[in-house]
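An overview of the molecular structure
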Amino acid sequence: MLYQVTYSSNEFRVKAYMCLPEGCMLTSSRIRLGTEDHAQLCSLDSLDQVEFQLLASRYPPQQDINSMQEQWPVLIYCRGGLGSYGGVKTAWVEQFTHKGYIVFAPSYRGNEGGEGRDEYGGHDIEDVRAAYRLMLELPFADPTRISLMGFSRGAINAVHTATSFNEGPNRVHKLVLWSGVADVERTYHERTDLRRTLKRVLGGSPRAVPEAYLARSPLSVVSKLRCPVLIMHGTADTQVNYSHGTRMYHWLKQRGIEVNFHAYGGQNHWFHEHFHLTAVDNMFDWLTAP
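Residue numbering note: each chain is counted from 1, following its sequence as written. It should be noted that, the model being predicted, local features are given only for residues of pLDDT at least 70 and side-chain atom pairs only at 80 or more, the latter also being counted only at that level, while totals for whole chains, interfaces and linings use all residues. With hydrogens and water stripped out, all remaining heavy atoms of the structure feed into the side-chain values.

1. Describing the nonpolar core
Taken as a class, soluble globular proteins show a tendency for nonpolar side chains to be buried jointly. As a reminder, the rule being used: Definition of nonpolar core: a set of buried residues of the types Ala, Val, Leu, Ile, Met, Phe, Trp, Tyr and Cys, connected through side-chain atoms within 4.5 Å. Residue burial is assigned from relative accessible area. The probe radius is 1.4 Å, only protein chains are included, and a residue is buried under 20% of its type maximum, exposed over 50%, and partly exposed in between. Strands here mean DSSP runs of E at least two residues long; helices mean DSSP runs of H or I at least four residues long; both are numbered from the N terminus. The contact rule is simple, with two residues in contact once any of their heavy atoms fall within 4.5 Å.
Counting residues in each nonpolar core, the largest one holds 49 residues, and the members touching the most others are Tyr7, Met18, Ile102, Met135 and Leu175. The biggest single contributor to this core is helix α2 (residues 125-137), with six residues. Setting aside residues up to four positions removed in sequence, Met18 forms contacts with Met1, Leu2, Tyr3, Val5, Leu26, Phe52, Ile102, Val103, Phe104, Met135 and Leu138. Core analysis: the next-biggest nonpolar cluster, separate from the first, contains 26 residues, Trp92, Tyr264, Met283 and Leu287 among them.

2. Topic: the sheet that holds strand β7 (residues 175-178)
Threshold: Pairing between strands is defined by DSSP: at least two bridges between the two strands are required. Axes here mean lines fitted to C-alpha atoms, for a helix over just the part in contact, with angles spanning 0 to 180 degrees between N-to-C directions.
Reading across the sheet, the nine strands line up as β3-β1-β2-β5-β4-β6-β7-β8-β9 and stay open at both edges, with mixed pairing between neighbours. At either margin of the open sheet sits one strand with a lone partner, and together these are β3 (51-55) and β9 (259-264). Direction aside, neighbouring strands of the sheet carry axes that sit 20° apart on average. Here β7 runs beside strand β8 (residues 229-234); their pairing, made up of four bridges, is parallel. Counterpart to Leu177 in the pairing with β8 is Ile231. Packing against the sheet, helix α3 (residues 154-164) makes contact with β4 (72-78), β6 (141-151) and β7, and its axis sits at approximately 145° to β6.

3. Details of the pairing of β4
Burial analysis of β4 places seven of its seven residues in the buried class, the great majority of the element. Direction of pairing for β4 relative to β6: parallel, over a ladder of six bridges. Looking at the pairing, Val74 lines up with Ile146 of β6. One ladder, built from three bridges, connects β4 with strand β5 (residues 102-106); its direction is parallel. Across the sheet, residue Val74 finds its bridge partner in β5, namely Ile102.

4. Focus on the environment of Asp193
Spelled out, the test is: Polar contacts, as used here, are pairs of N or O atoms within 3.5 Å; protein pairs need one atom able to donate a hydrogen and one able to accept it. Residues neighboring in sequence count only if both atoms are side-chain atoms.
Looking at the secondary structure, you find Asp193 in the loop between α4 (184-190) and α5 (195-202). Within the structure, Asp193 has its side chain in polar contact with the side chain of Arg191 (distance 2.8 Å).

5. A short note on the packing of helix α1 (residues 90-97) against helix α8 (residues 273-288)
Any two packed helices are characterised by the angle at which their axes cross and by the distance between the axes. Note the following rule: Comment on the angle field: the value is read as roughly parallel under 35 degrees, roughly antiparallel over 145, roughly perpendicular from 65 to 115, and oblique elsewhere. Handedness of a crossing is defined here by the sense of rotation of the near helix relative to the far one, left-handed for an anticlockwise turn of less than a right angle and right-handed for a clockwise turn. Each residue gets one of three labels, nonpolar for Ala, Val, Leu, Ile, Met, Phe, Trp, Tyr, Cys and Pro, charged for Asp, Glu, Lys and Arg, and polar for the others, Gly among them.
At a closest axis distance of 11 Å, the pairing of α1 and α8 adopts a crossing angle of 45°. One way to sum up the angle between α1 and α8 is to call them oblique. The hand of the α1/α8 crossing is right-handed. Residue-level contacts link Trp92, Gln95 and Phe96 of α1 to His276, Leu277, Val280, Met283 and Phe284 of α8. Of the residues contributing to the contact of α1 with α8, the split by class is six nonpolar, two polar and no charged.

6. Observations regarding α3
Where burial is concerned, most of α3 is hidden: 10 out of the 11 residues are buried. Where α3 is concerned, the buried positions are Gly154, Ala155, Ile156, Asn157, Ala158, Val159, His160, Thr161, Ala162 and Thr163. Of the surrounding elements, those touching the buried residues of α3 are β4, α2, β6, β7, α4 and α6 (210-216).

7. A closer look at the confidence of the model for the protein chain
Detailed conclusions should not be drawn from predicted coordinates in areas where pLDDT is low. Definition in use: Think of pLDDT as the predictor's per-residue confidence, scored from 0 to 100.
Summary statistics for the protein chain give a mean pLDDT of 91 and a share of 89% for residues scoring 70 or more. Long-range and interchain partners of residues 28-45, a stretch whose pLDDT sits below 50, account for 47 contacts in this model, where long-range means more than four residues apart. Low confidence marks residues 63-67, where pLDDT is under 50. Its contacts with residues over four positions away, or in another chain, come to three contacts.

8. Focus on the environment of Tyr77
Within the secondary structure, Tyr77 is located in strand β4. Taking the C-alpha atoms as reference points, Tyr77 and Gly150, 73 residues apart in sequence, are found 6.2 Å from one another. Those residues in contact with Tyr77, other than ones at most four positions away along the chain, are Gly87, Val88, Lys89, Trp92, Val93, Phe96, Val103, Phe104, Ala105, Pro106 and Met149. A distance of 3.1 Å separates a polar atom in the side chain of Tyr77 from the backbone nitrogen of Lys89.

9. A few points about the side chain of Thr163
Along the chain, Thr163 turns up in helix α3. Apart from residues no more than four positions distant in its own chain, Thr163 is found in contact with Val221, Lys224 and Leu225.

10. Things to note about the pattern of salt bridges
What counts here: Only one rule defines a salt bridge in this text: a Lys or Arg side-chain nitrogen within 4 Å of an Asp or Glu carboxyl oxygen.
The full count for this structure, using the stated rule, is 10 salt bridges. Between Arg145 and Asp142 there is a salt bridge, and its shortest N-O distance comes to 2.8 Å. A residue is classified by how much of its surface remains accessible, and Arg145, at 32% relative accessible area, is partly exposed. It is possible to trace a salt-bridge network through shared partners that takes in Asp118, Asp124 and Arg153.

Written out as structure tokens, the structure is:
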């Protein structure tokens, strides 16, 4: 079942999408369902003012439920793009859920009716951290198996969140970086079409505000990562150069962090359907492996 979720992040009310696998439902006495016309409030005190609005699904319910579980693994999918460009792909949310995962995808502040402003990995990172804390509170989510996937720019938000939850029993289980940005300054130099936008959002060029670019760059914080990492990147990526993936891989290896790299030959930023389906299968095989 697919929902749009409204939840709190700092002082803002922000939006996300959540999809539940077959057999996992928001029907307990502690959580009340929303509908397409009206979203009711969750009644758990620890999930303060969380709204779940039921949406139409593109996939029919599965008829066979192989196993009923009390708790399910979670994948937090961090979208790419900026603002209205590159929003959450709800088809991916539902596709990933069919692998037996609760999938939660923050839209980031300022998007899809959410309050605040998307800062391309600035304060909007808190929207993902808040989502992680929310997943820890769901009674049907397994707190020991919450993983993160960052696509494109979403790698910024995913990596920074993973470094925030890197200790204790509720630390991030695994991290996937799919076509992910590793170095924001390099993105500025490589993507001439994004320079004006990056200067507007970050407050200037890398020369003018180097700290803003460094603070967002996943490479600047990889030494804090503790969870296993999977990198997936197309060798012909014209939006986030393949070198972002290889640099991230080598930096992690040098720091003794468990990392796997899957290169997809000839694939651009968005993989062709066959390669995409293969990548999804490979990702979930890796996520579910011991």
